Amino acid sequence: MGSKNKIKEYTTCTGKTPSCIVGTPDPVQDDSARWSTEREFVSGLESAEMSSSEPIARAGFPMDVIDGRVYFDPGEAHTIAFGSTGSGKTNYIASPSIRIIARSGESLFVNDPKGDLSRDNYDYLVLHGYTVFVFHGRKPSISRRWNPLEIPYRFYHSENVVDRDEAQNMIMNLAECISPVRGVDPFWETSAQKVIIGLCNVLFHCCKDPSKINMRSICVLKEMIAEKNPVLMRYLDGDTVTTAEKLNLSVVLNNADNTARCIYSMVDHALSKFASQDMIAWMTSASDFDLCELGRSKVAVFIVTPDEDDTYDMLVSLLVKQSYKLLVSEAQNSPGLKLQNRVNYILDEFGNIPTIPGIAHIITASRSRNIRFLLLVQDKSQLEEKYGKLASSIISNCSNIMYLNGRDTMLLTELSEMAGKDRNGIPIVSTSRLQRLSKERKEAFVLRDRERPFISRLAGSSQYAGGSESEPDFPMMERTEIPTFGIEDLDQCAEPQEEEDFKDFLARRMRRKSDHASIRQSIDDWHNNVDIWEDDD
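Residues numbered from 1 in each chain as written. Predicted model: local features only at pLDDT ≥ 70, side-chain atom pairs only at ≥ 80, totals over all residues. Heavy atoms only, no water.

(A) Geometry of the pairing of strand β6 (residues 131-136). β6 sits mainly inside the fold: 5 of its 6 residues count as buried. Pairing of β6 with strand β7 (residues 299-304), which is carried by 6 bridges, proceeds in the parallel orientation. When the bridges of β7 are listed, Thr-131 appears paired with Val-299. (Buried < 20%, exposed > 50% of the residue type's maximum accessible area, 1.4 Å probe, protein only. Helix = DSSP H or I, 4+ residues; strand = E, 2+ residues; numbered from the N terminus. Pairing = 2+ DSSP bridges.)

(B) Structural context of the pattern of salt bridges. Applying the stated criterion across every chain yields a total of 21 salt bridges. Residue Lys-338 is joined to Glu-76 by a salt bridge in which the shortest nitrogen-to-oxygen separation is 3.4 Å. You can see Lys-338 sitting in the loop between α13 (313-332) and β8 (343-347) and its partner Glu-76 sitting in the loop between β3 (69-72) and β4 (79-83), a full 262 residues away along the chain. Among the residues examined, Lys-338 registers a relative accessible area of 33% and is labelled partly exposed. Across the pair Lys-222 and Asp-268 runs a salt bridge, and its minimum N-O distance is 2.8 Å. Separated by 46 residues along the polypeptide, Lys-222 in helix α8 (residues 215-226) and Asp-268 in helix α11 (residues 257-276) bring together distant segments of the chain. (Salt bridge = Lys/Arg side-chain N within 4 Å of Asp/Glu carboxyl O.)

(C) Spotlight on the packing of α8 against α11. Between α8 and α11, the shortest axis-to-axis distance is 9 Å and the interhelical angle comes to 145°. For the crossing formed where α8 meets α11, the hand is left-handed. For the pair α8 and α11, contact is made by Met-215, Arg-216, Ile-218, Cys-219, Lys-222, Glu-223, Ile-225 and Ala-226 and by Tyr-264, Val-267, Asp-268, Leu-271, Phe-274, Ala-275 and Ser-276, respectively. Residue composition of the contact of α8 with α11, grouped by class: 10 nonpolar, 1 polar and 4 charged. (Axes fitted to C-alpha atoms, helices over the stretch in contact; angles between N-to-C directions. Left-handed = near helix turned anticlockwise from the far one by under 90°. Contact = heavy atoms within 4.5 Å. Nonpolar A, V, L, I, M, F, W, Y, C, P; charged D, E, K, R; others polar.)

(D) View of the pairing of strand β9 (residues 371-377). Among the 7 residues that make up β9, 7 are buried, leaving the element largely enclosed by the rest of the structure. The alternating pattern of β9 places Ile-371, Phe-373, Leu-375 and Val-377 on one face and Arg-372, Leu-374 and Leu-376 on the opposite face, and all of these are buried. Both β4 and β9 contribute to a ladder of 4 bridges, which runs parallel. Pairing of Ala-81 across the sheet is with Leu-376, part of β9. In the sheet, β8 pairs with β9 via 5 bridges, with the strands oriented parallel. Counted as the bridge partner of Ile-346 is Leu-374 from β9. Handedness of the β8-helix α14 (residues 359-366)-β9 crossover: right-handed. (Right-handed = clockwise from strand over helix to strand, strands pointing away.)

(E) Layout of the packing of helix α3 (residues 89-102) against helix α4 (residues 116-127). Packing of α3 against α4 leaves a shortest axis separation of 10 Å and a crossing angle of 20°. As the angle between them shows, α3 and α4 are arranged roughly parallel. Handedness of the α3/α4 crossing: right-handed. Judged by residue contacts, Thr-90, Ala-94, Ser-95, Ile-98, Arg-99 and Ala-102 of α3 engage Asp-116, Leu-117, Asp-120, Asn-121, Tyr-124 and Leu-125 from α4. (Parallel < 35°, antiparallel > 145°, perpendicular 65-115°, else oblique.)

(F) Focus on the environment of Glu-245. Note that Glu-245 resides in helix α10 (residues 243-253). Accessibility expressed as a relative area gives 0% for Glu-245, which makes it buried. Considered as a pair, Glu-245 and Gly-198 are 47 residues apart in the sequence and their alpha carbons are 4.6 Å apart. For Glu-245, the contacting residues outside a window of four places in its chain are Gly-198, Asn-201, Val-202, His-205 and Tyr-235. Only 3.2 Å separates the side chain of Glu-245 from the side chain of His-205, close enough to count as a polar contact. (Polar contact = N/O pair within 3.5 Å; in protein donor to acceptor, adjacent residues only side chain to side chain.)

(G) Region of the structure containing the packing of aromatic side chains. On inspection of all chains with the given rule, the structure shows 11 aromatic pairs. Plain terms: the ring middles of Phe-135 and Tyr-312 are 6.5 Å apart, the flat faces sit at 80° to each other, and that makes the pair edge-to-face. Residue Phe-135 is found in strand β6, and its partner Tyr-312 is found in the loop between β7 and α13; the two are separated by 177 residues along the sequence. Judged on exposure class, the residue Phe-135 and its partner Tyr-312 are both buried. Each ring, one from Phe-187 and one from Trp-188, has its centre 4.8 Å from the other, and the planes form 80°; the classification is edge-to-face. Between Arg-372 and the ring centre of Phe-61, over which it is positioned, the NZ or CZ distance is 4.9 Å. (Phe/Tyr/Trp six-rings, centres within 6.5 Å; stacked < 30°, edge-to-face > 60°. Lys NZ or Arg CZ within 6 Å of the ring centre and 35° of its normal.)

Written out as structure tokens, the structure reads:
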């Protein structure tokens, strides 16, 4: 739609001067704020025919639609889009972004709470030569698998010390995601995290069969340590145990029984979904796709997590963080320290995803690695509830801000202030005007870095080439048994049990017993052939 038509539709701020009309320039060339003209707004963007499926050299997230052409930012800038439930974030921005990007061959990582993004775009992506993986929490029978322990295990056994350190970071991220701190006193959650970190290190150190590296094996090890299994205790008492195992598991091994029981209860809660729900255990027992391929070739990964159920939410947070870490490692070994193929993270309902550790830093650092983010959020207060003061940092690191609709007065006021004031000191867009953006006309208020504000018009995904609302022919997955780590695996790692003289026994008893049992009791136990792990503290 041309500027003349837009002038008729928008009213002036003062009723006297055209300087406040949307899409018209201020006739006085000074430093006062004004609206961008349509020509100015699209001059920094690239465009493509919406009805075409022909390849394009570069892609981006939709900013405006004029006469059947969609205009997008092909650069490195991240984008954040605000809109309340039902405002059209998915239909006007997320799904069209996938169609545009599909024509360029760039990779996609998509959070898909309702499953409609994968449903509507699966066949279109396959048609364009993409390898598509769908981790489907709504329909596990068609879901591909992803093992959150596979990459940390690979890094743990790397010859590169940096990779080995990164393995520990990934293990810590895993523990933080499945046992997040919620209460005022973080002791119990952080203690549970330490136990999970320690158990992961035991598994990685002792297990020689990669197929047994899974969350079910962690559940098995947890039962072993809670029962003070003699083989596990012999291993932990040996010389081959690592510092990471000792220090983290000491929170239960060296604590009073009641405290240890409470910590084990927290660990049980964190691991319960993997222990009791067979489908989740199977979906996380192995990986059917290599996340590194996102940065090498045309790959699309969809994470379908029911928005009415938080069962899979922690996996989204973990998968985003882990995939990013892996892609950064891939970029470090690539020419120019960038990924060969750009990866676009489209995180629908970003504010409903559990906290992603370090997300502000991720968004800041990803641009130089050829990684770009589109965050779709209901409002700023939702972000602040999850990230506190970091919410402002997340927004400020997104050079493109889009606003569709909402009632968050704080955000409305900030957007009005960011748009600026005219020569008379009047905001060029009021908070009431922002609340009255037309859904029928698909209006979006857009702020781009170093550009004047603009109210654009978008288009629904049905107006783009491709797409389908019918169920794609997803490949069915055959369920198999989950191999798990057991006593026999641990026994191969533990040192052989040898005859122990009294001096060594006493030293071990005094070192291990949290209540420092008396020498007299230790002598009695020696004569009665009572092992430290068998008596009741």
